[in-house]
Amino acid sequence: MSKKRSRFLLWVILIIVTPLLIDKSVLANTAVKVKRAKTDVYMDGESAYFDVFNINGDSYCELSDMTLYFNDTSSRFNVVWNKSNKTINVTTGKNYVDDFELNMHTYDKYYNAKVSTTKLYINGKLSNIKGYTIDGRNYYKLRDLSKAIPFDMEVSSDKKSIYLYSPTPKNAYKTTVAYDTVPNEHLFSYVSYNHSLEKYMVYNNDNTISVIETNIFRIEDNIKVETYDLKFKLVSKGMIEYELPEFGAFYSGEKYNYIAFGQYNIQENDKKEVIRIVRYDKSFKRIDSVSVKGGESDTRIPFSGGCGRMSENGNYLVFHTSHVAYGNNNQPLTIIVDTSSMKVINNDNGYGGRSYDQYVQFDGKEHVLVDQGNSAVVLNKGYIDESDNSLTYYSRDLFDIPETMKVGVGSSSTWTGVNIGGFEVSSENYIVAMNSFDHSLAKDYAYKSFDQLVNDYTYSTMVGLMDQRDIIICSLPKNDIFVSEVKQITIAKYVGTNKLASTPKLVKISEDKFMVLWQEYDLKDRITGDVKYVFIDKAGRSIGKINTLKNFRLSDCNPLVIDNKVIWYTNEKGGRTFYTIPLK
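Basis of the calculations
Numbers given to residues run from 1 along each chain, matching the order in which its sequence is written. With pLDDT at 70 or above as the cut-off, local features in this predicted model cover only qualifying residues; side-chain atom pairs require 80 or more to be listed or tallied, and sums for whole chains, interfaces and linings still use all residues. Note: side-chain values were computed over all heavy atoms of the structure, leaving out hydrogens and water. Every helix listed is a DSSP run of H or I at least four residues long, and every strand listed is a run of E at least two residues long, numbered separately from the N terminus. Accessibility here uses a 1.4 Å probe with only protein chains present; expressed as a share of the type maximum, an area under 20% marks a residue as buried, one over 50% as exposed, and anything in between as partly exposed. Surface accessibility in these figures is a Shrake-Rupley result with a 1.4 Å probe; residues are shielded only by whichever protein chains are displayed. Pairing between two strands is assigned when DSSP locates at least 2 bridges connecting them. Interaxial angles span 0 to 180 degrees and are taken between N-to-C directions of axes, which are lines fitted to C-alpha atoms, for helices over the stretch in contact. Any Lys or Arg side-chain nitrogen found within 4 Å of a carboxyl oxygen on Asp or Glu counts as a salt bridge. Within 3.5 Å is the distance limit for a polar contact, defined as a pair of N or O atoms, with the added protein rule that one can donate a hydrogen and the other accept it, and that residues adjacent in sequence qualify only through two side-chain atoms.

**A look at the overall build of the chain**
Right, so step 1: When its secondary structure is counted, the chain shows 7 helices and 44 strands.
Right, so step 2: Residue burial in the chain is summarised as follows: out of 584 residues, 52% are buried.
Right, so step 3: Carbon and sulfur atoms make up 49% of the accessible area of the chain, which totals about 28000 Å².

**Things to note about the sheet that holds strand β33 (residues 418-425)**
Right, so step 1: Sheet architecture is open: 4 strands sit in the order β33-β34-β35-β36, paired in antiparallel fashion. Edge strands, defined here as strands with exactly one partner in the open sheet, are β33 and β36 (487-492). For this sheet, the mean angle separating the axes of adjacent strands, direction not counted, is 25 degrees.
Right, so step 2: Judged from the 5 bridges that link them, strand β35 (residues 470-477) and β36 form a sheet pairing that is antiparallel. Counted as the bridge partner of I472 is T490 from β36.

**Topic: the pattern of salt bridges**
Right, so step 1: Tallied over the entire structure, the rule returns 21 salt bridges.
Right, so step 2: The partner of K174 in a salt bridge is D44, and the shortest N-O contact between them spans 3.2 Å. You can see K174 sitting in strand β15 (residues 172-175) and its partner D44 sitting in the loop between β2 (40-43) and β3 (46-48), a full 130 residues away along the chain.
Right, so step 3: Since its relative accessible area comes to 40%, K174 is described here as partly exposed.
Right, so step 4: Two residues, E268 and R300, come together in a salt bridge whose shortest N-O distance is 3.4 Å. Residue E268 is located in the loop between β21 (257-262) and β22 (273-280), and its partner R300 is located in strand β24 (residues 299-302); the two are separated by 32 residues in the primary sequence.
Right, so step 5: Classification of E268 as partly exposed rests on a relative accessible area of 31%.
Right, so step 6: Residue classification places R300 among the buried residues on the basis of a relative accessible area of 18%.

**As for the side chain of D470**
Right, so step 1: As for its placement among the helices and strands, D470 is situated in strand β35.
Right, so step 2: Look at D470 and you get buried, because its relative accessible area is 10%.
Right, so step 3: Separated by 3.0 Å, the side chain of D470 and the backbone nitrogen of V495 make a polar contact.

Shape is all these values report; function is a separate question.
This is the structure we're talking about:
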């Protein structure tokens, strides 16, 4: 072998072997110069503000910077830094609970990036995800993290934008929106009184689904309509202008759509129009309207202190709402319209108590009202004498609110410890889904002053700070509402547990079958948990076990049965997701 060839072979061997002989600690201490990337990051549709470094063509970020954006999603994860043994422990499926300290670098400055020697554990297992240490913080490769957490990742063609998404659970569908959205997911807190519902969903005759939204604390005066096909693809959009300053309710009837508008009447002017119910065709083309004046209804402020709803039967449209009446008292208000002539044939202030939430359904020709009052959950059954349009109501308490809830804070207290979530009519019973606080916990607080009550832990429980409520069904046989026994059935018990439950939803599947849904939360950290649901029969009794839907989110949109599925939508993080439960 010639000397030249020998030197060449020796040179090749050195090239191959030398990197294997270099101490890894030397490599780890070898820094590369990097700049903060001018990249926009979006997480579940929202802009995210944290550092991204581009190293050798890959994007790197810090775990604690991104984890807050994934809280309460299917990609949530907690990060714990152990300084003593230089380890980072990631636990998926849990929210980030440590103090958040955003660390921002400038764009035009070079930083030293060294291969990280910190050990990264994900769910207790050592990970080989590549990381770099920059300014004492550890940055990890996004593409590798997306597989381990997991989350979905997309990069724009110009590589100037990164889109991160929490995975959508089975039977849920993320979709596009035509307008900016307002979050409407269910929250863990309970309200003392409701307000006009702002989000609606209707199933149209052409097999499309329309989302109707407004904002009662709005800047613009319009109602937004977005229509989707049954695959949840956006197919059209439109807007409806307000005709009066206040929004009261929307209702989709068999042939027509209706919207209630209103305006203040602080001067108690009998001739001033306070409520206008506008009729539209199914394409939202205006047809006509009917008005209610201040003197006819004793209305000072329409729709105040409650959530109005409508129902129809034949030519009768009933709008059951609330208002501040003349004299400044909150009362329910029921308006009955003959839609064949679009004339108000009766309006009534209902029973004598306050009403913080209102429901209405038809049972044959009779309309049935349910009110969340300050002393009871009350059912009123209305009979219209068609000869003179006179109206008679028969009343029955479904759930009594103990007097101890009001003594000490005044008889006008709105804190009742209950919330109604739905009212439906079965073939034999009137069924109300609600929640309830354990009122026995308030029995020792009846004669304390307001200040004592506010500072007392148990009273704080009652007003929502540590409130726990069971899911309850109230069922009343229809054949004789005076003699029949009201059955109060506990569907799910939460008082005394480590969980909270939202106000339940009630969905009518058939005349003899219903679904009750609610969202669970962690009592300590208020972290959103799973959606729970159970079927009940015509008497309100559970059918089978309680079911669990992980990573589902309930909202203030009332679910509907469409295409043999229970469907609702939730606006969250700038986007919209349709959730479905197939009915087998």
